[in-house]
Amino acid sequence: MSEQLKFVVQELAKEPFNKKYNLISFDSLEQIQLLQVLNDVLAVVDPKQQIDIREESSDQTAIRIFHMLRVLKYKPPTEDVSAFRSGIVQGDKFVIYPILEWLFRRIPELKKRAYLAHFLFKIDVPAEIMQEDQIPELYSQYEELMEQFKDLHKQSDNLKNSGYNTAEIRKDISNMEDEKEQLNKRIERLKRKVESHPNSQTMMNVARNLRMERDREKKLAEQRQEQSTLIQHEEQKIRRLQQQLHDTRQAGVGATPQSLLQRLEEETRTNKYIVTERLPKDLLARKKTLQDLQKVVAEPAMGQSDLDRLLGQIQELNSEINQLIEKRMRTGDPTDDKSSLFKQQAAIIAHKKEAAVTMYREIREDYSRCMQEMDQKREVVKESGGGEVLKGEDFKRYVNKLRSKSTIYKKKRQEIAELRAEYGVLSRTEEILRNRDENINQQLELVENKKGVAGYRQTQDELEKVSSVKSGLDDRKGKTLEDISDMVQRLTRRIAEKKTALAPIIKELRPMRQKSQELTGRHEEKKQAYDTAAAGLESNMSKLEQEVRAYREEVTQDEGRYHYLNCMINMLEIQQQKVAEEMKAYTSADPYARKKTFRDIFQRKIQEQENLGKGLREQQKSVRESQVPSMRQMKMWKDVQRLMECKQRCFDQTGGFAGSAGVGYGEAPPAMLEEDRLVM
């Protein structure tokens, strides 16, 4: 949920929303504000949805959002449609957040779908209107235009995605026209050259025949290619049928007519059970589910009172059912108990039978799918030039060989894993020993500093270096041997003194080392116990968190369903009250009250619409009768208009009175202007 919320907030911060939300502020939005955000996102997909939801009722908002989501083909994550509808009506964030995420991930695609829905969403015409004259014809024309729109839109998309540019196309057309003119000129020059030749006609006929033969040769080559392709397909089909025949023969080896008949009878019984019992049940269940869904969709939104009333009815029915069960248990006889046992056994057997049939269908589908995959792989192996598929004893030997190799491979892999584990332990041991050595050296330096013998170890290192260099310097520096021996004696005396001084300190360090080892072992044991306890607590914590999350989701779903049912109950009570008032007014003796009933109002409206339809049909009939003379008259007017325009152009071309050819100064022209009209 946190990732989903983070994604929605990030998308709302972009264009064209520019919403400066953070996770906390967006999660704390009220229901109407959250619905407004959803409506704004839908308005980006379809601009017609741009509206302030405070200006319309909650029912209208819910219906509009439902219709838009149905057009966009949104599938709710839950199968409970009533809970989903109530979640949208109430602005539940657990319902709105998945919708927002789904919309943000598909905005370009949804824009296209919303645009097409305005033109491709069919209008539901009632059956009584479809029975009228010319309505079916108009509806068929409407469907044809819709199909034409689909084709044109596909062509438009293909052209847009093809990468063609209008400027480039125009340039290509102009280039092609230039080339066409050049070719026409060249053809004319060649014709003039050929016409001067004595055997021009014969050569033209020969060239024409040569071109026809080449075209024919090209067509024959294409036909040859098609025939070779068909031959390859037929050969593959023959090989597949031969393989099926071979498999069938192998399956029939050792089979008797009785076993084959028994197998066919079992398959027949199974198929008969599936066709006569299982499939009708499945169809009835699907039809019932469809009817329930249609009823749910057709029902209006329910209020809190409707939900309360339905809950009360449910509780009453449950109490009646419990009373009837208790009564039946009190008045039950042993014969009924025996029959109930038999009924239970029959139900168990039927359930087992259905489960077996389901398993049989699944196994048969898996078998057919595996056979198809095997055929495809065989064809791939044959096309790639691989060897034949092993069968029988060869396949068994190959499997045994693979098993032996797999066991060897597993042993080697286990040895490698053990060596890796041992290497890890040794490396860890080495690291621990190094750390301990460093710690001990640091402790020794501290002890030496405390006891006043600092530099003992450094002096020992220097002695080792001096002793190593001494052997090389004895030959060169023989004169200084006495000095070096004196220095060595002094150093040895100093070392002896420091050793005697460090002896009690070393004695004290030995028990401390042993104690350190013991404490280290205890620390490792405690650390291991702590790690195991922490792992157990973390696993328990994760399980508890999952359970708490599941319970919270159940609580939210139940609360949403509760509010939805309450709303439906209120709406049903209001509808029932309206029905009671309608019945009271209809059965009332007051004629003024009866005139206010919906039945009379709707009857008057129906009569008015029928009269209006009759008038429109008569108007349509008169329009059809006057269409032909009106069209003829309109054509005549257009001809007159064209004639007048032609005369006006002629008058403009002659330049008026003074520029008219053959008309002198002061003479009357053939066509003159009288005031502001052209007079012939």
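Heads up: these notes are all about the structure in this document.

Rules used throughout
Residues numbered from 1 in each chain as written. Predicted model: local features only at pLDDT ≥ 70, side-chain atom pairs only at ≥ 80, totals over all residues. Heavy atoms only, no water. Helix = DSSP H or I, 4+ residues; strand = E, 2+ residues; numbered from the N terminus. Buried < 20%, exposed > 50% of the residue type's maximum accessible area, 1.4 Å probe, protein only. Contact = heavy atoms within 4.5 Å. Areas by Shrake-Rupley, 256 points an atom, 1.4 Å probe, with all protein chains shown as cover. Disulfide = S-S within 2.5 Å. Core = buried A, V, L, I, M, F, W, Y, C linked by side-chain atoms within 4.5 Å. Salt bridge = Lys/Arg side-chain N within 4 Å of Asp/Glu carboxyl O. Patch = residues over 30% accessible without salt bridge, like charges linked within 9 Å, V, L, I, M, F, W, Y side chains within 5 Å. Phe/Tyr/Trp six-rings, centres within 6.5 Å; stacked < 30°, edge-to-face > 60°. Polar contact = N/O pair within 3.5 Å; in protein donor to acceptor, adjacent residues only side chain to side chain.

## Notes on the overall build of the chain
Broken down by element type, the chain carries 20 helices and 2 strands. The buried share among the 680 residues of the chain stands at 15%. Residue pairs at least 24 apart in sequence account for 66% of intrachain contacts in the chain once pairs closer than 6 positions are excluded. Accessible surface, the chain: about 55700 Å² in total, of which carbon and sulfur atoms supply 55%.

## Description of the state of the cysteines
For the coordinates displayed, the defined rule picks out 0 disulfides. Free of any disulfide, Cys 646 has its nearest cysteine sulfur in Cys 650, 4.3 Å distant.

## Notes on the nonpolar core
Core analysis: the biggest nonpolar cluster contains 36 residues, and Phe 26, Leu 72, Ile 99, Leu 100, Leu 103 and Phe 104 have the highest contact counts within it. Only helix 1 (2–12), helix 3 (31–45), helix 4 (58–71), helix 5 (81–90), helix 6 (93–104) and helix 7 (107–120) provide two or more residues apiece to this core. Residue contributions to this core peak at 8 residues, all from helix 6. Among all residues touching Ile 99, those that are not within four sequence positions of it are Leu 38, Leu 69, Tyr 74, Phe 84 and Ile 88. Counting residues in hydrophobic clusters, the runner-up holds 5 residues, among them Leu 307, Leu 565, Met 568 and Ile 569.

## What to know about the pattern of salt bridges
For the coordinates displayed, the defined rule picks out 9 salt bridges. Glu 101 is paired through a salt bridge with Arg 105; the nearest N and O atoms lie 3.2 Å apart. The class of Glu 101 is buried, set by a relative accessible area of 17%. With a closest N to O distance of 2.6 Å, Asp 366 and Arg 369 form a salt bridge. Placement of the pair is Asp 366 and Arg 369 together in helix 14 (residues 334–383), with a separation of 3 residues, close to one helical turn. Judged by its relative accessible area of 34%, Asp 366 falls in the partly exposed class.

## Thoughts on a nonpolar patch on the surface
On the surface, Leu 317, Ile 321 and Ile 325 cluster together into a nonpolar patch covering about 270 Å² of accessible area. Looking at where Ile 321 falls in the secondary structure, it is placed in helix 13 (residues 304–330).

## Notes on the packing of aromatic side chains
The tally for this structure, following the rule as stated, stands at 2 aromatic pairs. Ring centres of Tyr 74 and Trp 102 lie 5.1 Å apart, and the angle between their planes is 65°; on these two criteria the pair is classed as edge-to-face. In this pair, Tyr 74 sits in the loop between helix 4 and helix 5 while Trp 102 sits in helix 6, placing the two residues 28 residues apart along the sequence. Comparing Tyr 74 with Trp 102, the two get one shared label, buried. Geometrically, the ring pair formed by Tyr 139 and Tyr 142 is tilted, given 5.6 Å between the ring centres and 45° between the ring planes.

## Some details on helix 1
Listed in full, the buried residues belonging to helix 1 are Gln 4, Leu 5, Phe 7, Val 8, Val 9, Glu 11 and Leu 12. Looking at the packing, one finds that the buried side of helix 1 touches helix 2 (23–27), helix 3 and helix 6.

## Overview of unusual backbone geometry
In this structure, Lys 73 takes a positive phi of about 60° despite not being glycine. Within the secondary structure layout, Lys 73 lies in the loop between helix 4 and helix 5.

## Structural notes on the side chain of Glu 101
Within the fold, Glu 101 resides in helix 6. At 2.7 Å, the side chain of Glu 101 forms a polar contact with the side chain of Gln 4.

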